[in-house]
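Understanding the architecture of this molecule
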Amino acid sequence: MNQQTAFITGATSGFGQAIAHRLASDGFNLIICGRRSDRLEKYSDDIMKQYPVKIYSLTFDVKKKSEVTNSIASLPAEFTKIDVLVNNAGGAHGFDLIQDANTDDWDEMLDTNVKGLLYVTKAVLPLMNESKNPYIFNIGSTAAKYVYEKGNIYCATKFAVDALTQAMRIDLLKKKIRVTAIHPGMAETEFSIVRFKGDAEKAKTVYKGLQPLTANDIADVLSYCLHTPVHVNINELVITPSAQANPFYINRM
Ligand code: NDP
Ligand code: 8X3
């Protein structure tokens, strides 16, 4: 089989960065995306030094429909057959009761986690038509399964990702595209730093007294799903640290 290509959003940090490394080690060529182009260039160089793969960086904001469409339309010919789409870009902005929240934070989460995922999917799908093993991963969250205090809009966006994953599995059935939702629990990335608007100390307290998931744990699981036989579709995986049963029960030492 020719070398396959994976398109990964949110590859400048956390899960996306780890998934890029993992899929390069699995032999995939990559299209890595994010807004921080300096990081994309650096990670691209780092990965290509380690693995014999080709990488193309695309800098765009998933919230901006025309940026998404134009960036994907600008891909050079050798990157226009895509096998794997990883919809990972996203995050939480603010941690407030609904009555106290900043509505700009709501827009940021709804536009990124829901509409951004849809814009990217719509633009990438035509490039998956020739793939022999087309696969879409949507990164949800335990917040797609449980609503917790002050999670409100973030949880709503991840419930939407869960619903959209089910919708894609139905609508793309005849195109033979496998679709999997990966729903992680507590994982130490830049997620909490972003949620708490740059307050790294506050972000650290989220993981105090427990061993959180790492980005590599999620990359390993995604790679496992991808390497199951093509007649197998793992619909969803909910993955927490061993010290977390769900958002409400956490065993801190
Ligand atoms: P990070 O903050 O480390 O990474 C987020 C990534 O998303 C970055 O690469 C960022 O790139 C990208 N991104 C964010 N907004 C945009 C945007 N508007 N346009 C383009 N790219 C964007 O967090 P994680 O790796 O933890 O998060 C990845 C996904 O996993 C998110 O969807 C998050 O909700 C989800 N998740 C995280 C969990 C956790 O505990 N860490 C648990 C469950 C789910 P850049 O800023 O360069 O644009
Ligand atoms: C991130 C995990 O627990 O903050 O999606 O919702 S949590």
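Right above here is the structure, for reference.
Attention in this report is confined to the structure presented alongside it.

1. Quick notes on the site of ligand 2
- The environment of ligand 2 is made up of Ser 141, Ala 143, Tyr 148, Tyr 154, Phe 191 and Arg 195.
- Residue Tyr 154 places a side-chain N or O atom 2.6 Å away from an oxygen atom belonging to ligand 2.
- A distance of 3.2 Å separates an oxygen atom of ligand 2 from a polar atom in the side chain of Arg 195.
- Look at ligand 2: alone it shows 240 Å² of surface, and the protein chains cover 85% of it.

2. Observations regarding the sheet that holds strand β2 (residues 29-34)
- Read from one edge of the open sheet, seven strands run β3-β2-β1-β4-β5-β6-β7, paired in parallel fashion. The sheet is open, and its two edges are formed by β3 (55-59) and β7 (236-239), each paired on a single side. Going across the sheet, the axis of each strand differs from the next one's by a mean of 15°, ignoring polarity.
- Sheet contacts for helix α5 (residues 152-171): β5 (135-139), β6 (178-184) and β7; angle to β6, the most-contacted strand, approximately 160°.

3. Observations concerning the environment of Tyr 135
- Its place among the elements puts Tyr 135 in strand β5.
- C-alpha separation for the pair Tyr 135 and Leu 164, spaced 29 residues apart in sequence, amounts to 15 Å.

4. Examining the side chain of Asn 87
- Looking at the secondary structure, you find Asn 87 in strand β4 (residues 84-87).
- A polar side-chain atom of Asn 87 sits 3.0 Å from a polar atom in the side chain of Asn 138.
- Sequence-distant contacts of Asn 87, that is, excluding residues within four places in its chain, are made with Thr 9, Leu 117, Val 120, Thr 121, Ile 136, Phe 137, Asn 138 and Ile 139.

5. A few points about the nonpolar core
- Within the largest apolar cluster, 32 residues are counted, with the highest numbers of intra-cluster contacts made by Ile 8, Ile 19, Leu 23, Leu 30, Val 84 and Phe 137.
- Among the elements of the structure, β1 (5-8), α1 (14-25), β2, α2 (37-50), β4, β5 and α8 (215-226) are those that each provide at least two residues to this core.
- Non-local contacts of Leu 30, meaning those with residues more than four positions away in its chain, are made with Ala 6, Ile 8, Ala 20, Leu 23, Ala 24, Ile 47, Lys 54, Ile 55, Tyr 56 and Phe 79.
- Formed by 27 residues, the second largest nonpolar core is a distinct cluster that contains Phe 60, Leu 75, Ala 123 and Val 161.

6. A word on the site of ligand 1
- The environment of ligand 1 is formed by 31 residues, the closest being Thr 12, Ser 13, Arg 35, Tyr 154 and Thr 189.
- One of the backbone nitrogen or oxygen atoms of Gly 185 is found 3.4 Å away from an oxygen atom of ligand 1.
- In the complex, the protein chains occlude 95% of the 880 Å² of accessible area that ligand 1 would expose alone.
- Class assignment of the residues belonging to the shell around ligand 1 gives a composition of 12 nonpolar, 13 polar and six charged.

7. Let's talk about unusual backbone geometry
- Phi is positive for Lys 176, which is not a glycine, with a value near 60°.
- Counting through the fold element by element, Lys 176 comes out in the loop between α5 and β6.
- Even without glycine at this site, Lys 197 takes up a positive phi of about 55°.
- With respect to the helices and strands, the residue Lys 197 is situated in the loop between α6 (191-195) and α7 (200-205).
- Since its relative accessible area comes to 54%, Lys 197 is described here as exposed.

8. Comments concerning the layout of surface pockets
- Within this model, the second largest pocket holds a volume of roughly 170 Å³.
- Within the lining of the second largest pocket, the residues separate by chemical class into five nonpolar, three polar and four charged.

Here is what the cut-offs are and how they apply
- Counting starts from 1 at the beginning of each chain's written sequence and moves along it residue by residue.
- Following the order in which they are written, the chains are lettered starting with A and the ligands numbered starting with 1.
- Note on the predicted model: pLDDT of at least 70 is required for a residue's local features to be given, and 80 or more for side-chain atom pairs to be given and counted; whole-chain, interface and lining totals, by contrast, use all residues.
- Excluded from the side-chain calculations are hydrogens and water; all other atoms, namely the structure's heavy atoms, are used.
- Any residue with a heavy atom lying within 4 Å of a molecule or strand is counted as near it.
- Here a polar contact is recorded for every N or O atom pair within 3.5 Å, except that within protein the pair must consist of a potential hydrogen donor and a potential acceptor, and residues adjacent in sequence are included only if both atoms are side-chain atoms.
- A 1.4 Å probe and the Shrake-Rupley method give the accessible areas. Residues count as covered only by the protein chains that appear here.
- We treat two strands as partners when DSSP finds at least two bridges between them.
- Every helix listed is a DSSP run of H or I at least four residues long, and every strand listed is a run of E at least two residues long, numbered separately from the N terminus.
- Angles shown run from 0 to 180 degrees and are taken between the N-to-C directions of axes, each axis being a line fitted to C-alpha atoms and, for helices, limited to the stretch in contact.
- We call two residues in contact whenever any of their non-hydrogen atoms come within 4.5 Å of each other.
- Put simply, buried Ala, Val, Leu, Ile, Met, Phe, Trp, Tyr and Cys residues joined by side-chain atoms within 4.5 Å make one nonpolar core.
- For every residue, the accessible area obtained with a 1.4 Å probe (protein chains only) is divided by the maximum for its type, and the residue is called buried under 20%, exposed over 50%, and partly exposed between those limits.
- In this classification, Asp, Glu, Lys and Arg are treated as charged, Ala, Val, Leu, Ile, Met, Phe, Trp, Tyr, Cys and Pro as nonpolar, and every other residue, Gly included, as polar.
- Points on a 1 Å grid, built from protein atoms alone, make a cavity when a 1.4 Å probe fits but cannot get out and make a pocket when they are open with protein on both sides within 12 Å along at least 5 of 7 lines; residues with an atom within 4 Å of a point are the lining residues.
- Grid points are joined across faces, edges and corners, and a volume is the space filled by probe spheres set on the points.

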